[in-house]
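# Survey of secondary and tertiary structure
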Amino acid sequence: MDIRVPPPAAHSSSPLPALRVQRFAASAAPPAPLGQIDYAQAGLRVLAGDGVDAWCAGDSLREGRQGLLQWRDDGHWLFGSIDLPEQGRSLAALAEAAYAEVFSCLAAHGRPLVRTWNYLPRIHDDCAGLERYRQFNAGRQAAFIAAGVDNLAGAPAACCLGTADGGLSLRFLAGHCRVQPLENPRQVPAWRYSRRWGPKSPTFSRAVLMDAGGGRTGLLISGTASIVGEESQHEGDVQAQTAETLDNLRAVLAAARAAKAGLALDLDALELTVYLRRPADLPQVRALLQAAAPAAAARALWLQADICRRELLVEIEAHALA
């Protein structure tokens, strides 16, 4: 397979639709979004906060299907989703198939990938001598390479969380704009991890900056945890892990401010999604977050999920449209 995703289209005279995100309860009437992530439907348990994120942009939407993949497109931004049952396939094969569908869709629409959300069941189970998360990484990377998409410094922002059951759920955002990948100076880029963490490295950047339309800059921060260099920190201590995670978020924000003159963002400017391995840790983590960023903590969504490494207890992803 050789799918070549074209570069972003040249600047158009038409205004860029302003990207925005609305968070609401699953029981509420949703807006007419470009796409949405219903976290409960993806297999995660909502612990606190509204459990659906709707990504919205232009009002004129086209939608379609490609196999099991569904997409909506406003002429600039495209949001898609695909849910694949395992049906006896390895998770590597499943991930490669899912991303092959994504890249085929993006090639047809001429859009580069900006952000992905990945949810997979039993993320830490061993299968044929290899942890399922590491199988997923191998399949994802293979699809990037087959499609001719940069799986190193140009990789999109992403997260990957574990669920109890179901199949592989993938949500993705693409747009005509060029994005600027960012790394965290406190961490080894994920795509440069040593083989200690699996035969194939995870394919994502720590964050991306982009033109979000309406005179705003978008900052999309990948799932962030208590990792320094490439080593997990503070095993078994959720408070210390949370503090380390917040330091990593601050480092990414500093990298964003250095890359974009005039960008004034701090922790309180972020919209946060917090994943906890253990629901009982919510009061401790919430107290630390409230002390560090009270406004962001008040808006945060709290979910139960398995983090990508067994020893990690908390992960935080974020976005800001500034």
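Residues numbered from 1 in each chain as written. Predicted model: local features only at pLDDT ≥ 70, side-chain atom pairs only at ≥ 80, totals over all residues. Heavy atoms only, no water.

## Some details on the overall build of the protein chain
Of the regular secondary structure elements, the protein chain holds 5 helices and 20 strands. Whereas a compact globule of 322 residues would reach a radius of gyration of roughly 20 Å, the protein chain reaches 18 Å, a difference of no more than 12%. Dimensions of the protein chain, computed from C-alpha atoms along their principal axes, come out at roughly 50 × 50 × 40 Å. Counting across all 322 residues of the protein chain, residues that qualify as buried make up 55%. For the protein chain, the centre of its 32 positive side-chain charges and the centre of its 33 negative side-chain charges are spaced 2 Å apart. (Helix = DSSP H or I, 4+ residues; strand = E, 2+ residues; numbered from the N terminus. Rg over C-alpha atoms; globule rule 2.2 N^0.38 Å. Buried < 20%, exposed > 50% of the residue type's maximum accessible area, 1.4 Å probe, protein only. Lys, Arg positive; Asp, Glu negative; His and termini not counted. Charge placed at Lys NZ, Arg CZ, Asp CG, Glu CD.)

## Here we look at unusual backbone geometry
We note that R122 has phi near 50°; this positive angle belongs to a residue other than glycine. Examined against the element boundaries, R122 turns out to sit in the loop between strand 8 (113-121) and strand 9 (126-127). Within the chain, H234 stands out as a residue other than glycine whose phi angle is a positive 65°. When you line up the elements, H234 lands in the loop between strand 17 (231-232) and helix 3 (238-259). Since its relative accessible area comes to 33%, H234 is described here as partly exposed.

## Some details on the confidence of the model for the protein chain
Model confidence for the protein chain is summarised by a mean pLDDT of 93, while 96% of its residues fall at 70 or above. Confidence over residues 9-13 falls short of pLDDT 50; this stretch has 1 contact with residues more than four positions distant or in other chains. (pLDDT = per-residue confidence, 0-100. Contact = heavy atoms within 4.5 Å.)

## Observations regarding the packing of helix 1 (residues 91-109) against helix 2 (residues 132-147)
Interaxial distance between helix 1 and helix 2 falls to 7 Å at its minimum, and their mutual angle equals 35°. In this structure, helix 1 crosses over helix 2, and the sense of that crossing is right-handed. Two secondary-structure elements touch here, helix 1 through L91, A92, A95, E96, Y99, A100 and F103 and helix 2 through R132, Q135, F136, G139, R140, A142, A143, F144 and A147. A class-by-class count of the residues in the contact of helix 1 with helix 2 yields 11 nonpolar, 2 polar and 3 charged. (Axes fitted to C-alpha atoms, helices over the stretch in contact; angles between N-to-C directions. Left-handed = near helix turned anticlockwise from the far one by under 90°. Nonpolar A, V, L, I, M, F, W, Y, C, P; charged D, E, K, R; others polar.)

## Observations regarding the environment of D125
Looking at the secondary structure, you find D125 in the loop between strand 8 and strand 9. Judged by relative accessible area, D125 falls into the partly exposed class, the value being 38%. With 76 residues separating them along the chain, D125 and G49 place their C-alpha atoms 29 Å apart. Other than its neighbours up to four places away in sequence, D125 contacts L130, E131 and R132.

## Topic: helix 4 (residues 282-292)
Those residues of helix 4 that fall on the buried side of the exposure criterion are L282, V285 and L289. The buried residues of helix 4 occupy an angular sector of 75° when projected down its axis, which confines them to one face. Opposite its buried face, helix 4 presents the exposed residues P283 and A291, each directed more than 90 degrees away. Buried residues along helix 4 sit against strand 3 (45-48), helix 3, strand 18 (271-276), helix 5 (294-299), strand 19 (301-304) and strand 20 (314-321). (Arc of directions from axis to C-beta.)

## Let's talk about the sheet that holds strand 2 (residues 35-38)
Paired through their backbone hydrogen bonds, the strands of a sheet run either parallel or antiparallel. On the basis of which strands lie adjacent, the open sheet formed by 3 strands has the order 1-4-2 and antiparallel pairing. On the outer flanks of this sheet lie strand 1 (20-24) and strand 2, each paired with one strand and no other. Within this sheet the neighbouring strands show an average axis-to-axis angle of 20°, counted without direction. (Pairing = 2+ DSSP bridges.)

## So, the side chain of D73
Here D73 lies in strand 6 (residues 69-73). In this structure the side chain of D73 is engaged in a polar contact, spanning 2.7 Å, whose partner is the backbone nitrogen of G75. Beyond its immediate chain neighbours, meaning those up to four positions away, D73 contacts L34, S60, L61, R62, L78, H109 and R111. (Polar contact = N/O pair within 3.5 Å; in protein donor to acceptor, adjacent residues only side chain to side chain.)

## Let's talk about the packing of aromatic side chains
How two aromatic rings sit relative to each other is set out by the distance from centre to centre and by the angle between their planes. Throughout the structure, instances matching the rule amount to 6 aromatic pairs. Arranged with centres 6.5 Å apart and planes meeting at 85°, the rings of Y39 and Y119 form a pair that is edge-to-face. On the criterion of sequence distance, the pair formed by Y39 in the loop between strand 2 and strand 3 and Y119 in strand 8 is long-range, its members being 80 residues apart. Here Y39 and Y119 have matching classes, each one buried. A connected cluster of aromatic rings, assembled from ring pairs, spans W55, F79 and W117. (Phe/Tyr/Trp six-rings, centres within 6.5 Å; stacked < 30°, edge-to-face > 60°.)

## As for the environment of A26
When you line up the elements, A26 lands in the loop between strand 1 and strand 2. A26 gets classed as exposed once you look at its relative accessible area, which sits at 54%. Separated by 71 residues in sequence, A26 and A97 place their C-alpha atoms 29 Å apart.

## Re the pairing of strand 8
Of all 9 residues that make up strand 8, 9 are buried, and the element is covered over most of its length. Here 6 bridges tie strand 8 to strand 12 (residues 168-174), and the two strands are oriented antiparallel to one another. Looking at strand 12, one finds that R115 is bridged to L173. The sheet contact formed by strand 8 and strand 11 (residues 157-163) spans 7 bridges and is parallel. Pairing of L120 across the sheet is with G162, part of strand 11.

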